[in-house]
Number of protein chains: 2
Amino acid sequence: MTTLPAYQNIKNHILEAIHNGVWKEGEAIPAEMQLAEQFGVSRMTVNRAMRELTAEQIVTRIQGSGTYVAQQKYQTTLVEIKSIADEIRARGHKHRSELQQLSQSKASDSLKALFELKTKSTLYHSLIVHFENDIPIQVEDRRVNAAIAPDYLKQDFSRITANEYLMMAAPLQGVDYQIEAITAPEHIAALLHISTHEPCLVLHRKTRSMGCVASIATMWHAGTRYRFSGGF
Amino acid sequence: MTTLPAYQNIKNHILEAIHNGVWKEGEAIPAEMQLAEQFGVSRMTVNRAMRELTAEQIVTRIQGSGTYVAQQKYQTTLVEIKSIADEIRARGHKHRSELQQLSQSKASDSLKALFELKTKSTLYHSLIVHFENDIPIQVEDRRVNAAIAPDYLKQDFSRITANEYLMMAAPLQGVDYQIEAITAPEHIAALLHISTHEPCLVLHRKTRSMGCVASIATMWHAGTRYRFSGGF
DNA sequence: TAGTGGTCTAGACCACAGC
DNA sequence: CTGTGGTCTAGACCACTAT
């Protein structure tokens, strides 16, 4: 093991302290001069460490004021299939899900087409509501190709999300998604605790594994409570 | 416009040179010492500029060897800044745009913050409606940093979209976007020919060039007429 | 060996926030 | 006013590459 550069050690120290809750969201971090003394290093070295943490959105710096632990951002990157549970926990909030439906059936004509199937094979269907601090944040309506994930019905969806299980069950090959803004049908609106004329942010996502369509999901979010974001 | 820090000027110089083809992919860039002399700054200042360009994947550095222009990366279709005009024409439909407003003003306090400006510099404002086969498909409300695109007001937006002009005017460094579903305010709803309680798919996008925020745009779409899509 | 980037120092001046 | 971060300097030593 090579010894790490001083600025990297400082970054690691700060990251661990934030992770361990020593400094919480919005709280101030010691000044550059103070950290320089503490680590026995020049101010420029601390400055580099902090500048990089700023670029990584770990901290926020205000000239003349100080350095603060950044607020966790509401963020979903669309390329990555993130677990909504992780996303919520990363914000320091509580995630909980409720399984509303779980069933299996032969594909209908329209589903057969969507799954690009030649025969009416078996599909699983799950309807799950995800909560952030007990507020419904996402309704996930998912159809799964039984051939790809034969044990889907046996999962405990309070322990593992549908997404997490599918990622484990089969290597992801590709993703297609569409995003639209529409009003929710009644049963979805009821699950999200919104009225039927409130706008919803809807993500349709089709994943592929082993050369087949593995799952097709529709994720409904209350427009006022959720947004997608990203960048580079 | 405030004078930029020296390291930022160096970055801009390098970026322009690459943009203009002075140095091509894989070619070597002058050494730190050489650039330091050329710009009349210390080596550390050049080092910072080059380190940031490395982080942005503009150049590749090899210790003991030199600094080279990085291979152009594949822009994942997700963040790709598409011209809505091209997108519509690609569907074989007719594109037309109407310029509703074009003005300039000093940044308000809130815009100053959004543009990460230190002073209330000049911003341009345009409001453009894009039509697909004479149906309004997008309302584009855009603020532009005058320092980055001084000729913005002189453009003929029926010939070139705001986006196309900005891409030409300055090399794009970064993008941040957010997508949400909300109802439109009255004046937007009127331009889109929808009622004020219909859901809209809204894309907020902030682009960066030359180390500054170049433009902030809000694009409104009728939820029933537009969706984002992508995949890999 | 000479030249490159990687890191670091011990100062410095400035703009800004908060008292 | 003091303390903060933002920037910059003119050196330095090191690890590495290329010749």
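Residues numbered from 1 in each chain as written. Chains lettered and ligands numbered in written order. Predicted model: local features only at pLDDT ≥ 70, side-chain atom pairs only at ≥ 80, totals over all residues. Heavy atoms only, no water.

In the nomenclature of an unreviewed UniProt entry, chain A is known as Histidine utilization repressor of Formosimonas limnophila.

Is there a simple way to explain the packing of aromatic side chains in this structure?
Two measures describe an aromatic ring pair: the distance that separates the ring centres and the angle between the ring planes. Residue and element names in this part refer to chain A. Enumeration over the complete set of coordinates arrives at 8 aromatic pairs over all chains. Both rings, one in Tyr 124 and one in Tyr 152, keep their centres 6.1 Å apart while their planes meet at 10 degrees; by these two values the pair is stacked. Here the residue Tyr 124 occupies a position in strand S5 (residues 122–132), and Tyr 152 occupies one in the loop between strand S6 (135–145) and helix H6 (162–169), the gap between them amounting to 28 residues. On the accessibility criterion, Tyr 124 (8% relative accessible area) is buried. (Phe/Tyr/Trp six-rings, centres within 6.5 Å; stacked < 30°, edge-to-face > 60°. Helix = DSSP H or I, 4+ residues; strand = E, 2+ residues; numbered from the N terminus. Buried < 20%, exposed > 50% of the residue type's maximum accessible area, 1.4 Å probe, protein only.)

I keep staring at the packing of helix H2 (residues 32–39) of chain A against helix H3 (residues 43–55) of chain A and nothing clicks. Help me out?
Two measures define how a pair of helices packs: the angle their axes make with one another and the distance between the axes. All names here are of chain A. Taken N-terminus to C-terminus, the directions of H2 and H3 make an angle of 110 degrees; their axes are 8 Å apart at the nearest point. In terms of axis orientation, H2 runs roughly perpendicular to H3. Handedness of the crossing formed by H2 with H3: right-handed. Taken together, the residues of H3 that come into contact with H2 (itself represented by Glu 32, Met 33, Leu 35 and Ala 36) are Arg 43, Val 46, Asn 47 and Met 50. Residues that form the contact of H2 with H3 fall into these classes: 5 nonpolar, 1 polar and 2 charged. (Axes fitted to C-alpha atoms, helices over the stretch in contact; angles between N-to-C directions. Parallel < 35°, antiparallel > 145°, perpendicular 65-115°, else oblique. Left-handed = near helix turned anticlockwise from the far one by under 90°. Contact = heavy atoms within 4.5 Å. Nonpolar A, V, L, I, M, F, W, Y, C, P; charged D, E, K, R; others polar.)

Could you clarify how one ought to interpret the domain arrangement of chain A in this entry?
Many authors give the size of an interface as the accessible area that is lost as the parts come together. Per the domain assignment, the segments making up chain A are domain 1 (6–69) and domain 2 (84–222). Put simply, the middle of domain 1 of chain A and the middle of domain 2 of chain A, counted by C-alpha atoms, are 40 Å apart. (Domains from an automatic or database assignment.)

Quick question: what am I supposed to make of the nonpolar core here?
A general trend in soluble globular proteins is that nonpolar side chains are found buried together. Membership of the largest hydrophobic core comes to 24 residues, with the highest contact counts inside it found for A:Ile179, A:Leu201, A:Phe228, B:Ile179, B:Leu201 and B:Phe228. Elements that contribute at least two residues to this core include exactly helix H4 (84–90), strand S7 (174–183), strand S8 (199–209) and strand S9 (212–222) of chain A together with helix H4 (84–90), strand S7 (174–183), strand S8 (199–209) and strand S9 (212–222) of chain B. Grouped together as the second largest cluster of nonpolar side chains are 16 residues, B:Ile10, B:Leu15, B:Ala49 and B:Val59 included. (Core = buried A, V, L, I, M, F, W, Y, C linked by side-chain atoms within 4.5 Å.)

Just to check I follow, could you spell out the state of the cysteines for this structure?
What is meant by a disulfide is a covalent connection between two cysteines, made through their sulfur atoms. Scanning the entire structure with this criterion turns up 0 disulfides over all chains. Left without a disulfide partner, B:Cys200 is nearest to the cysteine sulfur of A:Cys200, which lies 14 Å away. (Disulfide = S-S within 2.5 Å.)

Can you walk me through the interface of chain B and chain A in this structure?
With 34 residues of chain B at the interface, the matching set in chain A holds 31 residues. Across the chain B to chain A interface the summed buried area is about 2,800 Å²; carbon plus sulfur atoms make up 56%. Across the chain B-chain A interface, the total number found is 2 salt bridges. Across the pair A:Arg227 and B:Glu180 runs a salt bridge whose closest N-O atoms are separated by 2.6 Å. Applying the counting criterion to the chain B and chain A interface returns 6 residue pairs in polar contact (both at pLDDT 80 or more). Counting only elements with at least two residues in the side of chain B that touches chain A, the list comes to helix H3 (43–55), S7, S8 and strand S10 (228–231) of chain B. The greatest single-element share of the side of chain B that touches chain A, amounting to 10 residues, is contributed by S7(B). (Buried area = accessible area lost by both parts, 1.4 Å probe. Salt bridge = Lys/Arg side-chain N within 4 Å of Asp/Glu carboxyl O. Polar contact = N/O pair within 3.5 Å; in protein donor to acceptor, adjacent residues only side chain to side chain.)

What's the story with the protein's contact with DNA strand C in this structure? I'm lost.
Taken together, 25 residues lie near DNA strand C, and A:Ala6, A:Ser42, A:Thr45, B:Arg43 and B:Met44 sit nearest. Here a phosphate oxygen of DNA strand C and a side-chain polar atom of A:Tyr7 are 3.0 Å apart. The contact in question runs from a phosphate oxygen of DNA strand C to an N or O atom on the backbone of B:Glu32, over 2.9 Å. Contributing elements (two or more residues each) for the surface near DNA strand C: helix H1 (6–19) and H3 of chain A together with H3, strand S2 (59–62) and strand S3 (66–69) of chain B. Residue composition of the surface near DNA strand C, grouped by class: 8 nonpolar, 12 polar and 5 charged. (Near = heavy atom within 4 Å.)

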